[in-house]
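# Understanding the architecture of this molecule
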Amino acid sequence: MTKIIAIANQKGGVAKTTTTIAKASLIGTRKTCLAVDLDSQANLTDGLGVREINDEQLTAYNLFNPRQNPNSIVVSTPWGIDLIPSDIGLAQKEAELIAEPDSHFILKDQLGKLNQYEYVLLDCPPSLGRLTYSALTAADLILIPVQCQYFSAKGYKQLLNTIQAVQMRSNPSLEILGVLPTMSDTTNISKGALISLSKVEGVTVFDPVPKSVKFTESQLAGIPIDRYIRENHSIKESEEMMERLILPYQTVVERLLALEVVYA
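Described in the following lines is the structure provided in the data block. Note that the structure is a prediction, hence the values are computed from the model and not measured.

### Side note on the layout of surface pockets
As a volume, the largest pocket reaches approximately 400 Å³. As for the largest pocket, its lining consists of 23 residues, of which G13, V14, A15, K16 and T18 are closest to the centre. Looking at the lining of the largest pocket, the elements that each hand over two or more residues are α1 (16-28) and α9 (213-221). Looking at the lining of the largest pocket, its residues break down into nine nonpolar, ten polar and four charged. Space inside the second largest pocket adds up to approximately 170 Å³. Looking at the second largest pocket, it is lined by 13 residues, and the ones nearest its centre are M1, T2, I4, A138 and D140. In terms of residue class, the lining of the second largest pocket is built from six nonpolar, five polar and two charged.

So, in structure tokens, the structure goes:
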């Protein structure tokens, strides 16, 4: 049975795309995985090495057409992860969806036709608009990346209110997988943000992902971070960086895979 995970936060720059790529790469070594780029900036598409979208290639814009076969939109990447790419054309879809009644269910119905995948990851845009609402309506779980800064930690409570609204109106089975603190460092601001995040009861807070230029380097190269580290560093360096940079993502993935046993 396909598990759909939304990676969402209405604030930009909190490493949603970085998180999506890292998780997809780790999951893709063990399970079938599809990543869906729901952001018109197309950073997920670019970060997985799909650098050009030609005129014939369908994108996430077309995914919201109920008459479109979603399988015809999927492209392969070199990393064993399939992708539904995005481009700037998705920006106009927000307004189109608002004008359509019950449009927030289209994505759920379309993803239901892609049941050959064990996991589908939805990289959401930095807003609480109709695209994000559609993703939360379609998802089984949501992972919330939060930058270790005061305003990021404070603002994430607004997303919790949106999640509650989705649970009440369109997706009562939506569950929070947890909060993933990102871009952590040793400053008091970062430490204070972690304390603030831990005060929300009933929400798992995963170990923080440290700040590192390696994430930017891997995205510029179009290579998932775990593979970038292995391919560009010595064994000793790779082991150290995998322990420091990848282990937090691995913990999230192990938690996700463990739910298969719970739900079986």
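Picking up where we left off.
### Notes on the nonpolar core
Membership of the largest hydrophobic core comes to 41 residues, with the highest contact counts inside it found for V36, I84, L107, L111, L122, I144 and Y156. Sorting the residues of this core by element identifies β1 (3-7), β2 (33-37), α3 (60-63), α5 (106-111), β5 (119-123), α6 (130-138), β6 (141-147) and α7 (150-169) as the ones contributing at least two each. Setting aside anything within four residues of it in sequence, one finds L122 in contact with I4, I5, A6, I7, V36, L38, L107, L111 and A135. L44, Y249, L256 and L257 belong to the second-largest nonpolar core, a separate cluster that totals 39 residues.

### Structural notes on the sheet that holds β2
With mixed pairing, the seven strands of this open sheet are ordered in space as β3-β4-β2-β5-β1-β6-β7. Looking at which strands have only one partner, the edges of the open sheet turn out to be β3 (75-76) and β7 (175-182). Relative to strand β4 (residues 82-84), β3 runs antiparallel, the two sharing two bridges. Paired with S76 across the strands is D82, a residue of β4. Packing of α1 onto the sheet brings it into contact with β1, β2, β5, β6 and β7, and relative to β5 it is tilted by some 170°.

### What about the side chain of T137?
Of note, T137 is situated in helix α6. Of the polar contacts made by the side chain of T137, one reaches the backbone oxygen of Y133; its length is 2.9 Å. A polar side-chain atom of T137 sits 3.0 Å from a polar atom in the side chain of S170. Apart from the residues lying within four places of it in its own chain, the contact partners of T137 are H104, F105, K108, V166, S170 and N171.

Quick notes on the rules
Residues numbered from 1 in each chain as written. Predicted model: local features only at pLDDT ≥ 70, side-chain atom pairs only at ≥ 80, totals over all residues. Heavy atoms only, no water. 1 Å grid on protein atoms, 1.4 Å probe; cavity = no way out; pocket = protein on both sides within 12 Å on 5 of 7 lines; lining within 4 Å. Points joined across faces, edges and corners; volume = space filled by probe spheres on them. Helix = DSSP H or I, 4+ residues; strand = E, 2+ residues; numbered from the N terminus. Nonpolar A, V, L, I, M, F, W, Y, C, P; charged D, E, K, R; others polar. Core = buried A, V, L, I, M, F, W, Y, C linked by side-chain atoms within 4.5 Å. Buried < 20%, exposed > 50% of the residue type's maximum accessible area, 1.4 Å probe, protein only. Contact = heavy atoms within 4.5 Å. Pairing = 2+ DSSP bridges. Axes fitted to C-alpha atoms, helices over the stretch in contact; angles between N-to-C directions. Polar contact = N/O pair within 3.5 Å; in protein donor to acceptor, adjacent residues only side chain to side chain.

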